[in-house]
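Breakdown of the fold
So you can see what is in the structure, the chains are spelled out below.
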Amino acid sequence: AQSVTQPDIHITVSEGASLELRCNYSYGATPYLFWYVQSPGQGLQLLLKYFSGDTLVQGIKGFEAEFKRSQSSFNLRKPSVHWSDAAEYFCAVGTNSGYSTLTFGKGTMLLVSP
Amino acid sequence: KAGVTQTPRYLIKTRGQQVTLSCSPISGHRSVSWYQQTPGQGLQFLFEYFSETQRNKGNFPGRFSGRQFSNSRSEMNVSTLELGDSALYLCASSFLTGLNTDTQYFGPGTRLTVL
């Protein structure tokens, strides 16, 4: 069975500083990988996804992520964080089984300091 | 295109009652999945429906059930509510070609509180 680990429960970043959120997955075949963001009391918004091809994927709001098969990682990055980026971020893995099922990590709460 | 809608947004029930939550997927999407989100367990998959058939089910007791209608709208039902069922219930829809995982788009969720 697949699994996702987000090692950091909380991260605090100064506004304007760069950001990297870590995600490691476990899956026997080529995974489908996603990053979602959740603001308090809201649903999940898709930031970006990796299905195949170029291992560096661009998303919305200036985010990008890099798939590294050798490290089983899919880290999320942003060069300059804005106060509005404060939210909880979830990494998820989907399989190629034909089922629309995602396995999520526990999430990383991003705090942005002025 | 309208997003995924869920009704109601908030519910308060007491132990032993039952509850029905509704989800309307994005137009043209045929797959609907349900997830439970709690502070302790995080996001957990409940079940997935495609063309009115339950295709996959997570590790939840039989008190949790669902169905999908011919217009792809879905409902989930929880019977004999327990305090631990208090959670945010999220619905997601995807187009799903039937071959591989497709991108899931989430609704705002229904916040269920069991007293």
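Summary of the structure given here. Just so we're clear, the structure is a prediction, and the values are computed from it rather than from any experiment. (Residues numbered from 1 in each chain as written. Chains lettered and ligands numbered in written order. Predicted model: local features only at pLDDT ≥ 70, side-chain atom pairs only at ≥ 80, totals over all residues. Heavy atoms only, no water.)

What follows is about the sheet that holds strand β1 (residues 5–7) of chain B. All names here are of chain B. A sheet is described by the order of its strands in space; here four strands give the open sequence β1-β3-β8-β7, paired in antiparallel fashion. Looking along the sheet, the strands with just one partner apiece sit at the ends: β1 and β7 (64–68). This sheet shows a mean twist of 20° between the axes of neighbouring strands, independent of strand direction. By the bridge criterion, five bridges tie β7 to strand β8 (residues 74–78) in an arrangement that is antiparallel. Directly across from Q68, in β8, lies its bridge partner S74. (Pairing = 2+ DSSP bridges. Helix = DSSP H or I, 4+ residues; strand = E, 2+ residues; numbered from the N terminus. Axes fitted to C-alpha atoms, helices over the stretch in contact; angles between N-to-C directions.)

With that settled, the discussion passes to the side chain of S31 of chain B. Checked against the element boundaries, S31 of chain B lands in strand β4 (residues 31–38). Within polar-contact distance, the side chain of S31 of chain B engages the side chain of E48 of chain B at 2.8 Å. (Polar contact = N/O pair within 3.5 Å; in protein donor to acceptor, adjacent residues only side chain to side chain.)

Residues and elements named next belong to chain B. Among the nine residues that make up strand β5 (residues 42–50), eight are buried, leaving the element largely enclosed by the rest of the structure. Looking at chain direction, β4 and β5 are connected through eight bridges and run antiparallel. Within β5, the position partnered with S31 by the bridge is F50. Linking two consecutive strands that pair antiparallel, namely β4 and β5, is a turn of three residues. Here β5 runs beside strand β6 (residues 53–57); their pairing, made up of four bridges, is antiparallel. Bridge pairing in β6 places F50 opposite T53. (Buried < 20%, exposed > 50% of the residue type's maximum accessible area, 1.4 Å probe, protein only.)

This part covers the pairing of strand β9 (residues 73–78) of chain A. Looking along a regular strand, one sees the side chains alternate between the two faces of the sheet. All names here are of chain A. In terms of residue burial, β9 counts as a mostly covered element, since five of its six residues are buried. In this sheet, β9 lies alongside strand β8 (residues 64–68) in antiparallel orientation, the contact comprising five bridges. Bridge assignment links F67 to a residue of β9, and that residue is F74. As consecutive antiparallel partners, β8 and β9 are separated by four residues, and within that stretch S72 has a phi angle of approximately 50°, a positive value.

With 28 residues of chain B in contact, the opposing surface of chain A contributes 22 residues. In total, chain B and chain A occlude about 2000 Å² of area from one another, counting both sides; carbon and sulfur atoms represent 49% of this. Where chain B touches chain A, the interface holds zero salt bridges. Inspection of the region where chain B meets chain A yields six residue pairs in polar contact (both at pLDDT 80 or more). At the level of secondary structure, the elements contributing two or more residues to the side of chain B that touches chain A comprise β4, β5, β6, β9 (87–94) and β10 (105–106) of chain B. Looking at the side of chain B that touches chain A residue by residue, the class counts come to ten nonpolar, 14 polar and four charged. (Contact = heavy atoms within 4.5 Å. Buried area = accessible area lost by both parts, 1.4 Å probe. Salt bridge = Lys/Arg side-chain N within 4 Å of Asp/Glu carboxyl O. Nonpolar A, V, L, I, M, F, W, Y, C, P; charged D, E, K, R; others polar.)

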